[in-house]
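Topology and contacts: notes
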Amino acid sequence: MEFNVKKLASDAGVFFSRAMQFTEEKLGQAEKTELDAHFENLLARADCTKNWTEKILRQTEVLLQPNPSARVEEFLYEKLDRKVPSRVTNGELLAQYMTEAANDFGPGTPYGKTLIKVGETQRRLGAAEREFIRSASISFLTPLRNFLEGDWRTISKERRILQNRRLDLDACKARLKKAKAAEAKAAAEHELRLTQTEFDRQAEVTRLLLEGISSTHVNHLRCLHEFVESQTNYYAQCYQFMLDLQKQLGSSKGEIFSGTFVGNAESASPAAATSPPVAAATLPAVPTIPVVPTIVGVPNSVAEGVLNPNEVKPPASGTRRARVLYDYEAADSTELALLADEMITVYSLPGMDPDWLIGERGNQKGKVPVTYLELLS
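Digging into the packing of aromatic side chains
- For the structure on display, the rule yields 9 aromatic pairs.
- An angle of 20 degrees between the planes, with centres 4.8 Å apart, marks the rings of Phe140 and Phe227 as stacked. One end of the pair, Phe140, is in helix 5 (residues 110-178); the other, Phe227, is in helix 7 (residues 213-256), with 87 residues separating them in the sequence.
- On the basis of relative accessibility, which here comes to 6%, the residue Phe140 falls in the buried class.
- Using a relative accessible area of 9% as the deciding quantity, one classes Phe227 as buried.
- Among the aromatic residues, ring-to-ring pairing joins Phe132, Phe140, Phe227, Tyr234 and Tyr235 into one connected group.
- A cation over a ring is seen here: Lys55 above Trp52, with NZ or CZ 4.6 Å from the ring centre.
- Directly above the ring of Trp356 sits Lys367, whose terminal nitrogen or CZ lies 5.3 Å from the centroid.

Here it is in structure tokens:
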């Protein structure tokens, strides 16, 4: 117990004397051993690396998990060295709700069918998001966190030791200046040499650690490339999933509203004129391409679904202008390749699939998907 009290008193004395040294250095009343410019640059670079790594790490965590409560929960599980429980993504939860709603509304109804299709896509999006979060955490977050909790802690510890060695060295220099007797000067010089050796050794150790920051930048650069690759794959998957869903919805949309065309045709007859316009009152107006009843010179191959663009002639009326929404690559010679935002002329022919139109651009013509177009008046 007596030893502990003495050690505590000694530590308190050292702390007090160093506090006095710091105060005197700030006031310019005490000598301070300065580090060389290269060492100071290494220190500034290390501090900059630490500060920005912390900010990038925290913001990436926010990007991958926007819910702050979930982030706190994951942090606690990590500190307790326990496995984080599996969490359902928002997309997967939305898919579950849509599927349950479709079962209640009737999976055979148009709304139920669409809910199932959209729900399946949301489930795939949620699974892709889960994989992206896992990949980004392993390839990007973990190396950044390892640097802050490993290498940086070692650097900070050695810097504190170096600071103490510098204070000891400055104290020895001050004692040497104050020594009057020859014996006191000799003892002070001997102590100064020992302290200078310890300071130089610690400075070299700290310098080597600080120069290792360059290797840290190289490692973080590689991790950054992996993060970008994971993010690219994730968004490419999402784009493909949504493109497939759009095609499915475009096809089902043609089936849903095909009755509108029939209702409009029947309303032209006298018998239909006396019946109440139920379809027109219940269904929204949908822009359609007028279907030409008969076109002279159209080959039978059109009605059979085989189109030869050179044999097709545009109708005298019923053509419309359309803006292309997305790029489209023609699957064969009967189709017309499209570029986003370009304007083309489109029209329909008897017997054609309602999901397709004939598109013309100058001397080029071919089949184009309706879902890729915005029909203009």
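Let us keep going from here.
Thoughts on the sheet that holds strand 2 (residues 343-347)
- In space, the 5 strands of this open sheet follow the order 4-3-2-1-5, with antiparallel pairing throughout. On the outer flanks of this sheet lie strand 4 (364-369) and strand 5 (373-375), each paired with one strand and no other. Here the average twist between neighbouring strands, direction ignored, is 40 degrees.
- Pairing geometry for strand 2 and strand 3 (residues 356-361), over 3 bridges, is antiparallel. Of the residues in strand 3, the one forming a bridge with Tyr347 is Ile358.

Thoughts on the environment of Gln248
- Looking at the element boundaries, Gln248 is found in helix 7.
- Residue Gln248 is classed as partly exposed on the basis of its relative accessible area of 32%.
- Placed 123 residues apart in sequence, Gln248 and Thr371 show a C-alpha to C-alpha distance of 9.5 Å.

A closer look at the environment of Ala322
- In this structure, Ala322 sits in strand 1 (residues 320-324).
- C-alpha of Ala322 to C-alpha of Leu375: the two residues are 53 residues apart in sequence and 4.4 Å apart in space.
- Excluding residues within four positions of it along the chain, Ala322 makes contact with Glu342, Met343, Ile344, Val346, Leu373, Glu374, Leu375 and Leu376.

Observations concerning the pattern of salt bridges
- Tallied over the entire structure, the rule returns 17 salt bridges.
- For Glu120, the salt bridge is made with Arg123, and the minimal N-O distance between the two is 2.5 Å. With Glu120 and Arg123 both in helix 5, this residue pair falls 3 residues apart, about one helical turn.
- If you follow the salt bridges from partner to partner, you end up with Asp36, Glu204 and Arg207 in one network.

Thoughts on the confidence of the model for the protein
- Taken as a whole, the protein shows an average pLDDT of 80; of its residues, 71% reach a score of 70 or greater.
- The model gives residues 257-305 a pLDDT under 50, and that stretch makes 43 contacts with residues more than four places away or in other chains.

With respect to the packing of helix 2 (residues 37-64) against helix 5
- At a closest axis distance of 10 Å, the pairing of helix 2 and helix 5 adopts a crossing angle of 150 degrees. On the basis of their axis angle, the class for helix 2 and helix 5 is roughly antiparallel. Between helix 2 and helix 5 lies a crossing of left-handed hand.
- Here the residues of the contact of helix 2 with helix 5 sort into 16 nonpolar, 4 polar and 6 charged.

Some details on a nonpolar patch on the surface
- On the surface, Val88, Leu93 and Tyr97 cluster together to form a nonpolar patch covering roughly 280 Å² of accessible area.
- Its place among the elements puts Tyr97 in helix 4 (residues 90-105).

Remarks on the side chain of Thr216
- Residue position: Thr216 is located in helix 7.
- Judged by relative accessible area, which is 10%, Thr216 ranks as buried.
- Excluding anything up to four places from it in sequence, Thr216 contacts Phe147 and Asp151.

Some remarks on the nonpolar core
- The biggest cluster of nonpolar side chains holds 30 residues, and the ones touching the most others in it are Phe39, Phe132 and Leu210.
- Sort the elements by how many residues they give to this core and helix 5 lands first, with 14 residues.
- Once residues within four sequence positions are removed from consideration, Phe132 is found in contact with Leu64, Phe227, Ser230, Gln231 and Tyr234.
- Formed by 13 residues, the second largest nonpolar core is a distinct cluster that contains Val324, Tyr328, Leu336 and Leu375.

What to know about the packing of helix 5 against helix 6 (residues 182-211)
- Helix 6 packs onto helix 5 with a crossing angle of 160 degrees between their chain directions and a minimal axis gap of 8 Å. As far as their axial angle goes, helix 6 and helix 5 are roughly antiparallel. Our pair here, helix 5 against helix 6, has a crossing hand that is left-handed.
- Residues that form the contact of helix 5 with helix 6 fall into these classes: 13 nonpolar, 5 polar and 11 charged.

The rules behind the values
- Every residue gets a number counted from 1 within its own chain, in the order that chain's sequence is written.
- Under the rules for a predicted model, residues below a pLDDT of 70 receive no local features and side-chain atom pairs below 80 are neither given nor counted, while totals for whole chains, interfaces and linings still include all residues.
- With hydrogens and water stripped out, all remaining heavy atoms of the structure feed into the side-chain values.
- Aromatic contacts are taken between Phe, Tyr and Trp rings whose centres are within 6.5 Å, Trp giving its six-membered ring; a plane angle under 30 degrees counts as stacked, one over 60 as edge-to-face, and the others as tilted.
- Numbering of helices and strands runs from the N terminus, with a helix taken as a DSSP run of H or I at least four residues long and a strand as a DSSP run of E at least two residues long.
- Whether a residue is buried, partly exposed or exposed follows from its accessible area with a 1.4 Å probe, protein chains only, as a fraction of its type maximum: under 20%, in between, or over 50%, in that order.
- Criterion for a charge above a ring: Arg CZ or Lys NZ at most 6 Å from the ring centre, at most 35 degrees from the ring normal.
- Criterion used throughout: strands pair if DSSP finds at least two bridges between them.
- Each axis is a line fitted through C-alpha atoms, taken for helices only over the stretch in contact, and angles between the N-to-C directions span 0 to 180 degrees.
- Whether two residues are in contact is decided by their heavy atoms: any pair within 4.5 Å suffices.
- The term salt bridge refers to a pairing of a side-chain nitrogen on Lys or Arg with a carboxyl oxygen on Asp or Glu at a separation within 4 Å.
- Summary of the metric used: pLDDT quantifies the predictor's per-residue confidence within the range 0 to 100.
- With respect to orientation, any angle under 35 degrees is reported as roughly parallel, any angle over 145 as roughly antiparallel, any angle of 65 to 115 as roughly perpendicular, and every other angle as oblique.
- The hand of a helix crossing depends on one turn: near helix anticlockwise from the far one by less than a right angle means left-handed, and clockwise means right-handed.
- Polar here means any residue other than Ala, Val, Leu, Ile, Met, Phe, Trp, Tyr, Cys and Pro, which are nonpolar, and Asp, Glu, Lys and Arg, which are charged; Gly is therefore polar.
- A patch consists of residues whose relative accessible area exceeds 30% and which take part in no salt bridge; residues with like charges are grouped when within 9 Å of each other, and nonpolar side chains (Val, Leu, Ile, Met, Phe, Trp, Tyr) when within 5 Å.
- Calculation of accessible area relied on Shrake-Rupley with a 1.4 Å probe; when residues are assessed, cover is drawn exclusively from the protein chains displayed.
- Only buried Ala, Val, Leu, Ile, Met, Phe, Trp, Tyr and Cys residues count toward a nonpolar core, and they belong to the same one when joined by side-chain atoms within 4.5 Å.

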